[in-house]
Amino acid sequence: MGKPKKSKTAERGIKKESWIGLREKIKNAIQEALFPWAFVCLDCGKELGDEDRTHSLCPECRKNLPYITGTRCRYCGEPIEQKYDVCKHCQTARPYFDKAYAPFAYEGVIKKIILSYKDGNANYLYKFIAKFITDYYNALDLRCDAVCYVPSSKAKILRRGFEHNKKVTEIISKDTRNQLIYPLKVVKNMKDQTRKNRSQRLEDIKGVFAPAKGFDRMFTWGKTILLIDDVVTTGATAGECARVLKEELGAATVIVLALARA
Ligand SMILES: [Zn+2]
Ligand SMILES: [Zn+2]
């Protein structure tokens, strides 16, 4: 590639971009060669056409995705009866985050994907999860200043060999053009949350997260922060992250975006 002339700044910009685009294409081609999953449907295993590869699902299986439809709480996003606007939990105590969205219910192929990604040796699924979250971000027409994620404990990162929300958020950051920031860390081990009720979860989650060492509050102060998680259950975990982001790091607004709601 020849050196562009000094006067043609615009052209130089285009050239630079197309070079990045080419590099990206090469990277993607290598990744697809390494991960043949992109060629078969994640759910039924049927071979995929070119146009279906970005979502890794065939058109039939995509139709059966467990989309959440109907009325949801305006604050936490929990599905509620149509006559209400706010769920019973948010009527008594508003969560620290301002909004929480998730396109899917935590069931069927979505549950399978999340579990295989996190704990089933299928960590390449981060691309698929990021794609759906990004699509939903665009559909909601959200505007944020920066993006971060619910961090995992060191023990979990070691066990899995990777940090699941981090890998997903790296892609989301790029595709939504939100700066990726690392404001949070886990400072207390979280007990197993699966079989606990709401008030136990809320109690257990207190003090689990803290501002990450060396994080510059300039990146959160007065800003609208997008917080990514895989599944929102009671909203206790996302709520505690939002509390730290707001109370300790000065964020103005925290919007939670997850793949699924349990
Ligand atoms: Zn299929
Ligand atoms: Zn609610």
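Details of the structure are given in the entry above.
Before going into details, it helps to say that this report is about the structure given with it.

Procedures and definitions
- Residues numbered from 1 in each chain as written.
- Chains lettered and ligands numbered in written order.
- Predicted model: local features only at pLDDT ≥ 70, side-chain atom pairs only at ≥ 80, totals over all residues.
- Heavy atoms only, no water.
- Core = buried A, V, L, I, M, F, W, Y, C linked by side-chain atoms within 4.5 Å.
- Buried < 20%, exposed > 50% of the residue type's maximum accessible area, 1.4 Å probe, protein only.
- Helix = DSSP H or I, 4+ residues; strand = E, 2+ residues; numbered from the N terminus.
- Contact = heavy atoms within 4.5 Å.
- Phe/Tyr/Trp six-rings, centres within 6.5 Å; stacked < 30°, edge-to-face > 60°.
- Lys NZ or Arg CZ within 6 Å of the ring centre and 35° of its normal.
- Donors = N, O, S within 2.8 Å, 3.2 Å for Na, K, Ca; no water.
- Tetrahedral: all angles 85-135°; square planar, octahedral: opposite > 155°, others 65-115°.
- Salt bridge = Lys/Arg side-chain N within 4 Å of Asp/Glu carboxyl O.
- Axes fitted to C-alpha atoms, helices over the stretch in contact; angles between N-to-C directions.
- Left-handed = near helix turned anticlockwise from the far one by under 90°.
- Nonpolar A, V, L, I, M, F, W, Y, C, P; charged D, E, K, R; others polar.

**Observations concerning the nonpolar core**
And step 1. Counting residues in hydrophobic clusters, the biggest one holds 40 residues, and the most contacted among them are Leu57 and Leu257.
And step 2. Where this core is concerned, the elements lending two or more residues are α4 (108-119), α5 (126-140), β3 (146-149), α7 (164-176), β7 (224-232) and β8 (253-261).
And step 3. If you tally residues by element for this core, the top one is α5, at 8 residues.
And step 4. Residues within four places of Leu257 in sequence aside, it is in contact with Tyr101, Ile133, Tyr136, Tyr137, Leu140, Leu142, Leu226, Leu227, Ile228 and Asp229.
And step 5. Cys87, Ile181, Ala236 and Val256 belong to the second largest nonpolar core, which has 34 residues in total.

**Here's the deal with the packing of aromatic side chains**
And step 1. Counted according to the given criterion, the structure contains 6 aromatic pairs.
And step 2. On the basis of an interplanar angle of 50° and a centroid distance of 5.4 Å, the ring pair of Tyr117 and Phe162 is categorised as tilted. Here Tyr117 is found in helix α4, whereas its partner Phe162 is found in the loop between α6 (154-160) and α7, with 45 residues between them in sequence.
And step 3. When the ring of Tyr149 is compared with that of Tyr182, the centres are 6.1 Å apart and the planes differ by 80°; the resulting orientation is edge-to-face. With a gap of 33 residues between them, Tyr149 in strand β3 and Tyr182 in the loop between β4 (179-180) and β5 (184-186) connect regions that are remote in the sequence.
And step 4. Exposure remark for Tyr149: the relative accessible area of 8% places this residue in the buried category.
And step 5. The class for Tyr182 is partly exposed, based on a relative accessible area of 41%.
And step 6. Taken together, the ring pairs connect Tyr67, Phe104, Phe128 and Phe132 into an aromatic cluster.
And step 7. Positioned above the aromatic ring of Tyr75, the side-chain terminus of Arg94 is 3.6 Å from the ring centre.

**Regarding the coordination of the zinc ion (ligand 2)**
And step 1. Only Cys73 (SG), Cys76 (SG), Cys87 (SG) and Cys90 (SG) from the protein coordinate the zinc ion (ligand 2), and they sit 2.2 to 2.3 Å from it.
And step 2. Written as a sequence motif, the donor arrangement for the zinc ion (ligand 2) is C-x2-C-x10-C-x2-C. Cys90 matches Cys87 in its accessibility class, with the two residues each being buried.

**Brief notes about the coordination of the zinc ion (ligand 1)**
Tetrahedral coordination by four donors sets the ideal angle at the metal to 109.5 degrees; octahedral coordination by six donors sets it to 90 or 180 degrees.
And step 1. For the zinc ion (ligand 1), every protein donor is listed as Cys41 (SG), Cys44 (SG), Cys58 (SG) and Cys61 (SG), and the spread of their distances is 2.3 Å.
And step 2. Geometry at the zinc ion (ligand 1) is tetrahedral, judged from its 4 donor atoms and the angles of 102 to 115° they form at the metal.
And step 3. Each donor residue of the zinc ion (ligand 1) belongs to the same chain, with the gaps between them written as C-x2-C-x13-C-x2-C. Taken together, the residues Cys44 in the loop between α1 (9-34) and α2 (59-63) and Cys61 in helix α2 connect sequence positions 17 residues apart.

**Side note on the pattern of salt bridges**
And step 1. All told, the structure shown has 14 salt bridges when counted by the stated rule.
And step 2. With its nearest N and O atoms 3.1 Å apart, the salt bridge here joins Lys112 to Asp43. Linking Lys112 in helix α4 with Asp43 in the loop between α1 and α2, this pair joins segments that are 69 residues apart in sequence.
And step 3. By relative accessible area, which is 33% here, Asp43 ends up partly exposed.
And step 4. The closest approach of N and O atoms between Asp85 and Arg74, which form a salt bridge, is 3.1 Å. Taken together, the positions of Asp85 in the loop between α2 and α3 (88-92) and Arg74 in the loop between α2 and α3 put the pair 11 residues apart, joining distant regions of the chain.
And step 5. Taking relative accessible area as the criterion, Asp85 reaches 41% and is therefore assigned partly exposed.
And step 6. The network of salt bridges with common partners includes Glu240, Arg243, Glu247 and Glu248.

**Considerations on the packing of helix α8 (residues 198-205) against helix α9 (residues 236-248)**
And step 1. Contact pair α8 / α9: the axes reach a minimum separation of 9 Å and the direction vectors enclose 35°. Both α8 and α9 take part in a crossing whose hand is right-handed. Across the interface between the two elements, Arg201, Leu202 and Ile205 of α8 pack against Ala236, Thr237 and Glu240 of α9.
And step 2. Here the residues of the contact of α8 with α9 are counted per class, giving 3 nonpolar, 1 polar and 2 charged.

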